[in-house]
Amino acid sequence: MLSRLLKEHQARQSERRELQERRRREAIAAATRLTEALVDHLNVGVAQAYVNQRKLDQEVKTLQVQAAQFAKQTGQWITMVENFNQALKEIGDVENWARSIEMDMRTIATALEYVYKGQLQPSCS
């Protein structure tokens, strides 16, 4: 009787150990699956962040190139406007010079006319 109780006790302990070992393996497998799922989920986020970063880097490079081209074009426009402004000043200078010459010519023409009229009057009297 005692030996039978001992054998039953040992058999139940053995079953409990096997059950506990099986549950431990299942828990480890479940924890491994959970860890893999979490890592996969995080990797998706990290991969997306990496892709986004690469896109941003490319867009930054493109923007830098476009900004440099715009700055160069703006400099050319400024040069053109300054040259045009200088040309307008020169035209204004030529216009003033032409007016000055025209006034001088009128003065000379008036003086010549006055002299010519002055020469005609004594011979007519």
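Summary of the structure given here.

Scoring rules and cut-offs
Residues numbered from 1 in each chain as written. Predicted model: local features only at pLDDT ≥ 70, side-chain atom pairs only at ≥ 80, totals over all residues. Heavy atoms only, no water. Helix = DSSP H or I, 4+ residues; strand = E, 2+ residues; numbered from the N terminus. Rg over C-alpha atoms; globule rule 2.2 N^0.38 Å. Buried < 20%, exposed > 50% of the residue type's maximum accessible area, 1.4 Å probe, protein only. Areas by Shrake-Rupley, 256 points an atom, 1.4 Å probe, with all protein chains shown as cover. Lys, Arg positive; Asp, Glu negative; His and termini not counted. Charge placed at Lys NZ, Arg CZ, Asp CG, Glu CD. Patch = residues over 30% accessible without salt bridge, like charges linked within 9 Å, V, L, I, M, F, W, Y side chains within 5 Å. Salt bridge = Lys/Arg side-chain N within 4 Å of Asp/Glu carboxyl O.

### Focus: the overall build of the protein chain
Then step 1. Counting its regular elements, the protein chain contains one helix and zero strands.
Then step 2. For 125 residues, the compact-globule formula gives about 14 Å, and the C-alpha radius of gyration of the protein chain, at 53 Å, lies well above that figure.
Then step 3. If one aligns the C-alpha atoms of the protein chain with their principal axes, the spans along those axes are about 180 × 15 × 10 Å.
Then step 4. By residue count, 0% of the 125 residues in the protein chain fall in the buried class.
Then step 5. Only carbon and sulfur atoms are counted for the fraction: they give 62% of the accessible area of the protein chain, which is about 11800 Å².
Then step 6. If you average the places of the 18 positive and of the 16 negative side-chain charges in the protein chain, the two averages end up 21 Å apart.

### Considerations on a nonpolar patch on the surface
Then step 1. A contiguous nonpolar surface patch, about 630 Å² in accessible area, is contributed by Val94, Trp97, Ile101, Met105, Ile108 and Leu112.
Then step 2. One can find Met105 in helix α1 (residues 2-124).

### Thoughts on the pattern of salt bridges
Then step 1. Going through the model one piece at a time under the given rule, you end up with six salt bridges.
Then step 2. When the shortest N-O distance is used, the salt bridge between Glu102 and Arg106 registers 2.7 Å. With a gap of four residues between them, Glu102 and Arg106 both fall in helix α1, about one helical turn apart.
Then step 3. The structure contains a network of salt bridges with shared partners spanning Glu21, Arg24 and Arg25.

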